[in-house]
Amino acid sequence: MIRDLGYNVFNMSFQERSRYLGMLCSIGATGRQKRSSIFYEAFFLLVFALPTGVLLGIGVIRLAMAAFRPFIGSFLRISSLVTIDPAVIRISWENLAAVILASTVTVLISAWLPARKIGKIGPVECIRGNIWKKSRQYQMQASFIHMFGAEGMLAKSMLLRRNKKVRSVGSAAAVFMVVLTVTIFGSDAVHRIIRVKMGEEEMSLNTERYDYVLYAGESKFEALKEEIEKDAGVEYTAKWRDGMLAGQVPVEAYGAEYWDALHGVFNLYYHRELSEEEFREEHGFRGGTSMPVNILSVDMDTMRDMAGKIGADADRLLDPEQTSAIVLSTGAVSTSSFMIDGMSPEKYRMFRISRMTDMKEGDMVPVSLYSPDEEKEVEMPVEIAGFAKTNQLQDYVEFKNNNYMWLIVNEAAGSRMADILRAEGADSSMMDEMLLIRMNGKPTDIIDRLQRASEQDDARFGILETEYQSTMANAVSGIVDVMLFSFIVLTSVICLLNLFNSIRGWRLESRQELAVLRSVGMASGQMKKMLLYECTGIFLWALLLAGVFSGMLIACVRFGLVMIFGNLELPTPWLWIAGAALVVGAVLTGLTLYGFGRERQEELYENMRREGV
């Protein structure tokens, strides 16, 4: 792309000076001397452009570093990091030399093609100004004129006559679209990978529904709950229980798809294909009798809403005397979530699971809970009332990369489970209560008071923002956003310059034709209509070209990311891509009409007598 930009610059310089170069050739200038004129021009451009580019690059780096600082402060939870002195930028001589070398090689390659053409063109062709013209006849098609008018016919003929320049403009527009399209897809893919790689907490609350979460033991929970609910700044609360790995289920409760995925993880750690017998021997749970299960207890209102979203029997799920559950059917295992001591995986890979269990609605899940008082597992069968996917529950809770099955039960069932898991006299268990808090925006100091009180040694409770789990991922995403935005801006500037130069060269070749058309009575409105037809033809050709190359690049990027990170969901952001295509089309049309507007201000006869193509 940068080479094409340089080529367009030198090629246009040659075209504008073709008559001058022809006169020099007529008085004895050799091909070598003509080629040298282009290289001298490239040298002087390089001398002034290199320091300017280096200074602009340093400026962009400083701006990017300034934009990074809030995200780094959030990443490290150090707000003062935003106000400390700016970082010092150090550029090594090796990197600077590499930049100078790459720039010099690029400029020389860009100048070599026009210089080579100059050496082969004789003086007569240069002076006559018909270097690129070829004798060709164009037939009029009545049907085409009937559909698009005389302007459409002229636009078609002009595009065919200037096919090299048209291809140059179309290629520049296509490159612009390809860069934007692939960058948009890459940006979306990077964000999804960050969320997957850093979202190992399995469960996070919806930050738009809940602002804070309070964790407390049985002795203090009710008093704190009452104090919070009375505060004028609190809109509503909800009481849940979170039991990560709280229960056990038979190995058979997990489905074949789950075990196949986990088998794949072990294959990556052992760098070979394990047999089923080897897998059972190496994986303790698979060779045993039970597997962990996660339990989430929610309030009655939330359970009613969840049942409605998945189409389950709400009465059965809300019955306080019956232990029924919503089973989260989706899950994922990866080489990050399952680790084997002393071993490293061949590569990172995630295996998404669409069905964690092969059991059906109405089946009983034989859940067992360990009772510290009885020192044994207590059976508590749970009836499956329905299955849910992650996206069906995202209004309340988001399950990310859950390695084990989740059972969602009502508040009464959660309380019975917590009683089994709690030792006599203990204030907490594996299923402690948590209070979800939604603020209404009114001034209040309840959160500050609770946070200060939680720092005391005997507090036995804690209060956190619901966003605390995603702070690090958001910070990393923000840093990536700044880098991608800087990349898009820089590449877009280069693409715009390339497109502008291509359009300028195209319009430069068409000045004589437009002047002749104007001299025979063609109105400005008709010329503008003809140009719009030309822009449409170029845009459609560029769109086809960009679609082919963007599709291939996106397919390669997606294949590579899937090979590295597993079967990630990497959809194509069609809406953003369509927006990028519209932007390129608008820029193409705008620059063309802008050039036409400037041409209209010049003298008619000046354009007609131009000898440079």
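In what follows, the structure referred to is the one given above.
Throughout what follows, the structure given in this document is the object of discussion. Along every chain, residues carry numbers that run from 1 in the direction the sequence is written. Local features are withheld for residues below a pLDDT of 70 in this predicted model, meaning they are given only at 70 or higher, and side-chain atom pairs are given and counted only at 80 or more; totals for whole chains, interfaces and linings count all residues. Side-chain measures here rest on the full set of heavy atoms in the structure, leaving out hydrogens and waters.

### Digging into the nonpolar core
Phase 1: Counting residues in hydrophobic clusters, the biggest one holds 45 residues, and the most contacted among them are Y254, Y258 and V333.
Phase 2: Broken down by element, the residue count for this core peaks at eight residues, all from helix α9 (residues 256-270).
Phase 3: In this structure Y254 touches V249, W259, M291, P292, V293, M356, T357, Y404 and M405, once residues within four positions along its chain are discounted.
Phase 4: Membership of the second largest hydrophobic core comes to 27 residues, among which are V298, L317, A388 and I408. In these notes, a set of buried Ala, Val, Leu, Ile, Met, Phe, Trp, Tyr and Cys residues joined through side-chain atoms within 4.5 Å is what counts as a nonpolar core. Only protein chains enter the accessibility calculation, which uses a 1.4 Å probe. A residue is then buried if its area is under 20% of the maximum for its type, exposed if over 50%, and partly exposed in between. Comment: elements are numbered from the N terminus, with helices defined as DSSP H or I runs of at least four residues and strands as E runs of at least two. In what follows, a contact means two residues having at least one pair of non-hydrogen atoms within 4.5 Å.

### A closer look at the pairing of strand β13 (residues 406-409)
Phase 1: In β13, alternate side chains face the same way, and those of W406 and I408 on one face and L407 and V409 on the other are all buried.
Phase 2: Sheet analysis places strand β4 (residues 290-297) next to β13, joined by four bridges and oriented parallel. Within the sheet, the bridge partner assigned to N294 lies in β13 and is W406.
Phase 3: Strand pairing is assigned whenever DSSP identifies at least 2 bridges connecting the two strands. Pairing of strand β5 (residues 324-328) with β13 involves two bridges; the strand directions are antiparallel. Within the sheet, the bridge partner assigned to I326 lies in β13 and is I408.

### Quick word on the packing of aromatic side chains
Phase 1: Stacked, tilted and edge-to-face pairs are distinguished by plane angle, under 30 degrees for stacked and over 60 for edge-to-face with tilted covering the rest, among Phe, Tyr and Trp rings (Trp via its six-membered ring) whose centres lie within 6.5 Å. A full pass over the atoms with the stated rule returns nine aromatic pairs.
Phase 2: A centroid spacing of 5.1 Å and a plane angle of 55° characterise the contact between F399 and W406, whose relative ring orientation is tilted. Of the two residues, F399 and W406, neither departs from the other in class, the shared state being buried.

### So, helix α12 (residues 300-310)
Phase 1: Of the residues making up α12, those classed as buried are T302, M303, M306, A307 and I310. Down the axis of α12, the smallest arc covering the buried residues is 135°, so these residues share one side. With respect to the buried face of α12, the exposed residues turned more than 90 degrees away are D301 and G308.
Phase 2: Against the buried residues of α12 lie β3 (234-250), α13 (314-318), β5, β11 (382-388), β12 (397-400) and β13. In this description, one arc is meant: the one made by directions from the helix axis to the C-beta atoms.

### Considering the packing of helix α8 (residues 218-230) against helix α15 (residues 446-454)
Phase 1: Packing of α8 against α15 brings their axes to within 11 Å, and their N-to-C directions diverge by 155°. With respect to α15, the axis of α8 lies roughly antiparallel. Taken together, the residues of α15 that come into contact with α8 (itself represented by L224, E227 and I228) are I446, R449 and L450.
Phase 2: Residues are grouped as follows: Ala, Val, Leu, Ile, Met, Phe, Trp, Tyr, Cys and Pro are nonpolar; Asp, Glu, Lys and Arg are charged; every other residue, Gly included, is polar. Looking at side-chain class alone, the contact of α8 with α15 contains four nonpolar, no polar and two charged residues. Only the contacting stretch of a helix is used when fitting its axis, a line to C-alpha atoms as for every element, and angles between N-to-C directions run 0 to 180 degrees. Convention used here: angles under 35 degrees read as roughly parallel, angles over 145 as roughly antiparallel, angles from 65 to 115 as roughly perpendicular, and any remaining angle as oblique.

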